[in-house]
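Architecture at a glance
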Amino acid sequence: MSHKHHIIPKHMGGSDDPSNLIELSVEEHAEAHRKLFEEHGHWQDYLAWQGLIGLLPKEELIKKIQSEAAKERILKFGNPFSGIRTWGNFAINEEFHKNVVSLANSPEAIAKKKKTFIEIKHQQGTKNSQYGTCWITHPEHGNKKIKKELLDSYLEIGYTKGRIK
């Protein structure tokens, strides 16, 4: 069994160009990543090496890749939950904000959102926070939202069904 190995790894700027690819056995591929790790110290090569020699099960490998990638994102863009304003923060990057808003308002995105909401029955029936409620109005007390089962008792004391703005 042979593997395609990037001579210059993609995480170091390498491409999928055929001139950057070489066919190696699994053992040779693992050894290539070991040497790259020892020379450059990149976590990607360490995990590739450990995965290829079978020291890391696939599930563990995926967890470590996700964890390391998240650490890199935080170093590059800052922690999105820190409250610190960074490049990807709407408040200070108007261009980023415009781009995200335009993508979210595209016909494709709106159609996908509607389809998803229908599939998960979002805010429909008992999943709607307003399910089983109604507005009532009193000349002195104004508008009030109540449970529908209480409507008759409120109507008896001078409320009317509906809301006045």
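Quick notes on the rules
Residues numbered from 1 in each chain as written. Predicted model: local features only at pLDDT ≥ 70, side-chain atom pairs only at ≥ 80, totals over all residues. Heavy atoms only, no water. Phe/Tyr/Trp six-rings, centres within 6.5 Å; stacked < 30°, edge-to-face > 60°. Helix = DSSP H or I, 4+ residues; strand = E, 2+ residues; numbered from the N terminus. Buried < 20%, exposed > 50% of the residue type's maximum accessible area, 1.4 Å probe, protein only. Pairing = 2+ DSSP bridges. Polar contact = N/O pair within 3.5 Å; in protein donor to acceptor, adjacent residues only side chain to side chain. Salt bridge = Lys/Arg side-chain N within 4 Å of Asp/Glu carboxyl O.

Looking at the packing of aromatic side chains
Taken as a whole and assessed by the stated rule, the structure comprises four aromatic pairs. Judged by centre distance (5.8 Å) and plane angle (85 degrees), the rings of Tyr46 and Trp49 are edge-to-face. One end of the pair, Tyr46, and the other, Trp49, are both in helix α2 (residues 43-52), three residues apart, so they sit about a helical turn from each other. Judged by relative accessible area, which is 18%, Trp49 ranks as buried.

Regarding the sheet that holds strand β5 (residues 160-161)
Taken together, the three strands give an open sheet; going across it, the order is β4-β3-β5, and neighbouring strands pair in antiparallel fashion. Edge positions in the open sheet fall to β4 (142-147) and β5, since each of these has one partner strand only. Sheet analysis places strand β3 (residues 133-138) next to β4, joined by six bridges and oriented antiparallel. Within β4, the position partnered with Thr133 by the bridge is Lys147.

Comments concerning the environment of Thr133
Residue position: Thr133 is located in strand β3. The spacing of Thr133 and Glu149 is 16 residues in sequence and 8.4 Å in space, taken between C-alpha atoms. Looking at Thr133, its side chain comes within polar contact range of the main-chain oxygen of Gln130, at 2.7 Å.

Section: the environment of Ile157
Within the secondary structure, Ile157 is located in the loop between α6 (151-156) and β5. Its relative accessible area of 56% is what places Ile157 among the exposed residues. Separated by 19 residues in sequence, Ile157 and His138 have C-alpha atoms that sit 9.1 Å apart.

Comments concerning the pattern of salt bridges
By the definition in use, this model includes six salt bridges. Residue Glu68 is joined to Lys71 by a salt bridge in which the shortest nitrogen-to-oxygen separation is 3.3 Å. Remark: Lys71 and Glu68 occur in helix α3 (residues 58-77); sequence separation between them is three residues, near one turn of the helix. The class of Glu68 is partly exposed, set by a relative accessible area of 23%. Look at Lys71 and you get partly exposed, because its relative accessible area is 48%. Of the charged contacts, one joins Lys115 and Glu119 as a salt bridge, the two residues approaching to 3.3 Å between their closest N and O atoms. Placement of the pair is Lys115 and Glu119 together in helix α5 (residues 107-120), with a separation of four residues, close to one helical turn. Here Lys115 matches Glu119 in class, with each residue exposed. A network of salt bridges, in which partner residues are shared, links Glu31, Arg34 and Glu38.

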